[in-house]
Amino acid sequence: ISVCFRTVEPLEYYRRFLKENCRPDGRELGEFRATTVNIGKSCCSITTADGSALVKLGNTTVICGVKAELAVPAVDSANKGYIVPNVELRSLCSTRFCSEPPGEEAQAASQFIADVIENSQIIAKEDLCIANGKLAWVLYCDIICLDYDGNILDASAFALLAALKNVQLPSITINEETGLSEVDLKQKNPLIIRKHPVATSFAIFDDTLLIVDPTAEEEDLATGTVTIVTDEGGRLCSVHKPGGSPLTGAKLQDCITRAITRHKEVKKLIDKVMKSIKPK
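Residues numbered from 1 in each chain as written. Predicted model: local features only at pLDDT ≥ 70, side-chain atom pairs only at ≥ 80, totals over all residues. Heavy atoms only, no water.

Comments concerning the pairing of strand β2 (residues 51-57)
- Counting buried positions along β2 yields six of seven residues, so the element is predominantly enclosed.
- Across five bridges, strand β1 (residues 35-39) lies against β2 in antiparallel orientation. Note on β2: the bridge partner recorded for Ile39 is Ala53.
- With seven bridges connecting them, β2 and strand β3 (residues 60-71) associate as antiparallel partners. Counted as the bridge partner of Ala53 is Cys64 from β3.
- Taking the residues that link successive antiparallel strands as the turn, the β2-β3 hairpin has two residues, and the phi of Gly58 there is positive, at about 65°. (Buried < 20%, exposed > 50% of the residue type's maximum accessible area, 1.4 Å probe, protein only. Helix = DSSP H or I, 4+ residues; strand = E, 2+ residues; numbered from the N terminus. Pairing = 2+ DSSP bridges.)

Structural notes on the nonpolar core
- Formed by 66 residues in total, the largest nonpolar core has its most connected members in Ile123, Leu139, Leu164 and Leu191.
- A total of 11 residues in this core trace back to one element, the largest contributor, which is helix α4 (residues 152-166).
- Not counting residues within four places of it along the chain, the set of residues in contact with Ile123 comprises Ile83, Leu128, Leu139, Leu164, Leu191, Ile192 and Ile193. (Core = buried A, V, L, I, M, F, W, Y, C linked by side-chain atoms within 4.5 Å. Contact = heavy atoms within 4.5 Å.)

Observations concerning the pattern of salt bridges
- Evaluated as defined, the whole model comprises 15 salt bridges.
- Note that Glu218 and Arg23 form a salt bridge whose closest N and O atoms lie 3.0 Å from each other. On the criterion of sequence distance, the pair formed by Glu218 in helix α5 (residues 216-221) and Arg23 in the loop between α2 (10-18) and β1 is long-range, its members being 195 residues apart. Assigned by exposure class, Glu218 and Arg23 land together as buried.
- Note that Asp149 and Arg33 form a salt bridge whose closest N and O atoms lie 3.5 Å from each other. Within this pair, whereas Asp149 is found in the loop between β6 (135-147) and α4, its partner Arg33 is found in the loop between α2 and β1, the two being separated by 116 residues in sequence. Here Asp149 matches Arg33 in class, with each residue buried.
- One continuous salt-bridge network, built from bridges that share partners, spans Arg23, Asp25, Arg27, Arg33, Asp149, Asp213 and Glu218. (Salt bridge = Lys/Arg side-chain N within 4 Å of Asp/Glu carboxyl O.)

Any functional reading would require information that these geometric values do not contain.
Next comes the structure, spelled out in structure tokens:
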């Protein structure tokens, strides 16, 4: 009976669970799905990437590969490199996406990641400059969803951070006599990660009730969503609220408090994995 009821009246089915402060998958309203992260070439097939990571958030799986290339800095930013993020939501990961990317949701996710990079200052673009006005690194951050079951923003932000922490760039010097760049592949250096932004997403039910880490079904039934991005200092990096139900100041503060707690959980997880892959 419950299967039929869920199919015919999905919202009312959810409401019955929410009244008891739980969800159909057994989670409490403020509980995240099981979260795992694998970092480096052993985690995925992106062997050509300079850094990579795979993140699973329940049944949502996202992979991020970072490819570094050399370029001339822009004239108005002679001392800065570039970071170019791109989120792909292919039909392979869910039937809700068309086979011709990028769709509207993928574009919105890419813009969200670009804003997180900019607002959090995860990497100072000045750190990517090799020679002022002559040479800088470009980091192409490709985030691909392999399986989609909601909350793509949290998974994408997590995968990006983990992949960037895995990047090793070769030492580059400019030969003063020839003006050409010389690459030392034997000497590699990690990126300077200045901040660790973590995204925490909520779905809003019936304009008032907040649930964390929504599934695809919960996102579809919700009257709105909001994503809070914080760093390790508890600083609010950004609030992503694409329309829907408005939030009171008190509700928003509740979200920020939960996001700060989530940040500690994610940072602890990523530190543990990074420690395990360091050469002995």
